[in-house]
Amino acid sequence: MLRSLVGSEMCIRDRYQRRVRGRPAKQSMSLVKRKPKNARSKRALLAREPKIIENPKTSILLRGTSSSQTITRVLNDLHKLRMPLSKNLSKKTDCRPFENNASIEFLCQKNDSSLFALGTSTKKRPDNLVLGRTFDGHVLDMMEFGVTQFKSIESFKGVEQPMLGSKPCMYFGGNEWEGSSVLESAKSLLLDFFKGVEAKQVNLAGLDRVMTVVIVDGKMMLRHYRIRHLKGVTKTGDKPVLLQECGPSLTLTPRRTAIASSDLKKVAERQPRAAAPIQEKNTSTNVFGEKLGRLHMEKQDLNKLQTRKMKGLKRSRGDDDDDDDDDDQEE
């Protein structure tokens, strides 16, 4: 009886190994590139290909296998701040990005996002938040923060919230940002995460919120304010402005970091030549802001200039003879 059970187990194991051998390796967990079967899937694949001017960066918010109520509320508020460029995944994922980031890269490729946030909470690292970004389908850099002194948007009752999807005004305070490479990377990561859609021109009347990140003793205090335009005029002739805190409010303490190398940063920050601004030659701007240009043309022969055909301008035979006589005299 035991021999038959052992033999059946060995047969099942052999069948399973044969099936697994034919499959692609699961270590990379990257999406397999397939040929599109219809026009809809072809458009979807073309939308994910690299472009000269990239689309706005989208983000995915993930929850670990063990998370607290505070981390869940933090992820919900981050999702509200980044809408509509954010996807809040409610299903728990067993991700440990500092040990193996294959699952993070797989989820970012699947959801076509270049920014991610992972919230976990353990006894060793309570209320843990990981922010990171990817480049070319792989993790570029990521930082781990401890969340303290958190106040959600719901706790600020009676305060009118800014318009959904509006572009915030970012302010970084403190002298410690440029002191170390870790803080410089943290500043770049936070700016990339909260700046929203890139805009060449901004209407000051349309700015309705400000995000401030002030660093004190290595801790980053992140605050969110709503801009209110009051009636009247100040002494300088400008309209008075009032900042009203609208949440979320939290303090981030840096923990573990995984910063990209200088060579990888250069590759990620490289701009294509087609995206570079075209320099206009022979143009200038005067004091009044008017654009002046210089044109280079060949010397024109007025005799060969094409004019309107009419009888009054038509040459007669006598004029042609006079021209020939003048040429003979000059010789």
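Residues numbered from 1 in each chain as written. Predicted model: local features only at pLDDT ≥ 70, side-chain atom pairs only at ≥ 80, totals over all residues. Heavy atoms only, no water.

**Q** Which residues make up the side chain of Asp192, and what values go with them?
**A** Topologically, Asp192 is positioned in helix α5 (residues 181-194). Taking the relative accessible area as the measure of exposure, Asp192 reaches 8% and is therefore buried. Side-chain polar atoms of Asp192 contact the side chain of Lys57, separated by 2.7 Å. (Helix = DSSP H or I, 4+ residues; strand = E, 2+ residues; numbered from the N terminus. Buried < 20%, exposed > 50% of the residue type's maximum accessible area, 1.4 Å probe, protein only. Polar contact = N/O pair within 3.5 Å; in protein donor to acceptor, adjacent residues only side chain to side chain.)

**Q** Which residues make up empty space enclosed by the protein, and what are the values?
**A** Here the structure, examined in full by the defined rule, presents two cavities of 30 Å³ or more. Estimates place the volume of the largest cavity at around 50 Å³. Every residue along the wall of the largest cavity is listed here: Leu78, Leu129, Leu131, Leu190, Phe194, Leu222, Leu250 and Leu252. Put simply, the parts of the chain that give the lining of the largest cavity at least two residues each are β4 (128-135), α5 and β10 (249-258). Put simply, the second largest cavity is a space of about 30 Å³. What lines the second largest cavity is Asp141, Met142, Met143, Ser185, Leu189 and Ile259. Secondary structure elements with two or more residues in the lining of the second largest cavity: β5 (138-151) and α5. If you tally residues by element for the lining of the second largest cavity, the top one is β5, at three residues. In terms of residue class, the lining of the second largest cavity is made up of four nonpolar, one polar and one charged. (1 Å grid on protein atoms, 1.4 Å probe; cavity = no way out; pocket = protein on both sides within 12 Å on 5 of 7 lines; lining within 4 Å. Points joined across faces, edges and corners; volume = space filled by probe spheres on them. Nonpolar A, V, L, I, M, F, W, Y, C, P; charged D, E, K, R; others polar.)

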